[in-house]
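Descriptive structure summary
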Amino acid sequence: MFLGVMDSNGNTSPPADIRGSNDVPVEEGMTLMSNGRGLEGGTDEKSRGSYKMPFITVLLRKHLHLLPIVTFIFIFASFIICYVLAVSYGHVEPFFPYISACLFSHTGIDPPERSIFSMLVNLGAFLLATNVYIRYKHMEEVLTILTIQHSQETQIRRPRKLNLASLIVGLLSAFGLSMVANFQTKDMRPWHYTGAGISFFMGSAYCWLQTAISLRFRPWAKVTVCQFINSLVLSVFLVMFIISKTIYRVRLARGEGTKFDTLRPEYLVSTISEWLTALAIVCYVLTFYHDFKNARLHTPRVSVRDKEYVLKDYKLRTPGSIPESVAEPIQDSSIV
């Protein structure tokens, strides 16, 4: 998978790592390979009349900036669906239960919302991981362009390490979200809370790492300001959740009340801050809209190295033909 950067006219240049250090121009009608060379006989998508890309591929190539929006809407819709089902079946109270768009959820412990919750949140985790990976490839392309333009490789080393660290942390956050979806609190509470903790803390760390990279190269840009505010608010909500949740659990264990009477304030603060923490993590991907709008996804293609291998192992059979392996010699009836 490669990312190209579009210019002001909407034309897409091949990724810098594909162009190579000599910045050899690639002529139109040549197929790009990972070694930066063009292969004769290759053509682009417009000139290949017989080659049609799937709709999702076209959507990601031409409208990559829609991916963060789709991710946010999908995860938020997953929360709404699970919450409505849980309330309608009487499995949770309608006012602020421990439920969020992507992390902790007490709406996902009983059927039918349990199965629906697992399916939707797993898909949401995949979408988050996709955003994390594409953001990583995009920043690699940006850093490569800056290196070629300014010949300052030493100043790019630290941001490259931060970008790689953010990829690992972001994927761990998505993995934790998947754990939350598959390990419900009723049967596997330790694993559920472990996954939720990984998703919360790794998600917060990912936001700050990406914000640090943005602050390094465009400190006063609107996108950077939004990322910084989002990360700061996320950290505040996360601290509020940890403190209020701890106070609520300690007082509940001491028998000082329940969430329906004395401990109601602590309970509401912990649940609301949980909702807002999860929402802040998911909202962060919306800040990728601007950069993804200036990028285009080059999906991988598969080519056959040996044509003789195909002709030897695969046979084109016409309707009514008899395979050679089962065909028998036909004897002439005139011969006795």
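Fair warning: this is a prediction, and the values are worked out from it, not measured in the lab.

A look at the pattern of salt bridges
- On inspection of all chains with the given rule, the structure shows six salt bridges.
- For Arg 160, the salt bridge goes to Glu 140, with nearest N and O atoms at 3.0 Å. With Arg 160 in helix α5 (residues 153-182) and Glu 140 in helix α4 (residues 113-150), this pair connects stretches of sequence that are 20 residues apart.
- With a relative accessible area of 18%, Glu 140 lands in the buried category.
- For Arg 218, the salt bridge goes to Asp 291, with nearest N and O atoms at 2.6 Å.

Re the environment of Ile 247
- The residue Ile 247 is located in helix α7 (residues 222-253) in this model.
- You can call Ile 247 partly exposed: its relative accessible area is 38%.

Focus on helix α8 (residues 264-284)
- For α8, built from 21 residues, the straight-helix expectation of 30 Å at 1.5 Å per residue is met to within 8% by its first-to-last C-alpha distance of 30 Å.
- Looking only at α8, the buried set comprises Glu 266, Tyr 267, Ser 270, Thr 271, Ser 273, Glu 274, Thr 277, Ala 278, Ala 280, Ile 281, Val 282 and Tyr 284.
- Elements that come into contact with the buried residues of α8 comprise α3 (66-88), α6 (189-217) and α7.

So, the side chain of Ser 173
- By secondary structure assignment, the location of Ser 173 is in helix α5.
- In this structure the side chain of Ser 173 is engaged in a polar contact, spanning 3.1 Å, whose partner is the backbone oxygen of Ser 199.
- Excluding its chain neighbours within four sequence positions, the residues that come into contact with Ser 173 are Ile 198, Ser 199, Met 202 and Gly 203.

Some points on the state of the cysteines
- Enumeration according to the criterion identifies zero disulfides in this entry.
- Not part of a disulfide, Cys 207 finds its nearest cysteine sulfur in Cys 283, a span of 10.0 Å.

What about the packing of α3 against α8?
- At their nearest, the axes of α3 and α8 sit 10 Å apart, and the two run at 155 degrees to each other. The pairing of α3 with α8 is recorded here as roughly antiparallel in orientation. Every pair of crossing elements has a handedness; the one defined by α3 and α8 is right-handed. For the pair formed by α3 and α8, the contact residues are Phe 72, Ile 75, Phe 76 and Phe 79 on the first element and Trp 275, Leu 279, Val 282 and Cys 283 on the second.
- Its residues assigned to classes, the contact of α3 with α8 shows eight nonpolar, no polar and no charged.

Analysis parameters
- Residues numbered from 1 in each chain as written.
- Predicted model: local features only at pLDDT ≥ 70, side-chain atom pairs only at ≥ 80, totals over all residues.
- Heavy atoms only, no water.
- Salt bridge = Lys/Arg side-chain N within 4 Å of Asp/Glu carboxyl O.
- Helix = DSSP H or I, 4+ residues; strand = E, 2+ residues; numbered from the N terminus.
- Buried < 20%, exposed > 50% of the residue type's maximum accessible area, 1.4 Å probe, protein only.
- Expected span 1.5 Å × (residues − 1).
- Contact = heavy atoms within 4.5 Å.
- Polar contact = N/O pair within 3.5 Å; in protein donor to acceptor, adjacent residues only side chain to side chain.
- Disulfide = S-S within 2.5 Å.
- Axes fitted to C-alpha atoms, helices over the stretch in contact; angles between N-to-C directions.
- Parallel < 35°, antiparallel > 145°, perpendicular 65-115°, else oblique.
- Left-handed = near helix turned anticlockwise from the far one by under 90°.
- Nonpolar A, V, L, I, M, F, W, Y, C, P; charged D, E, K, R; others polar.

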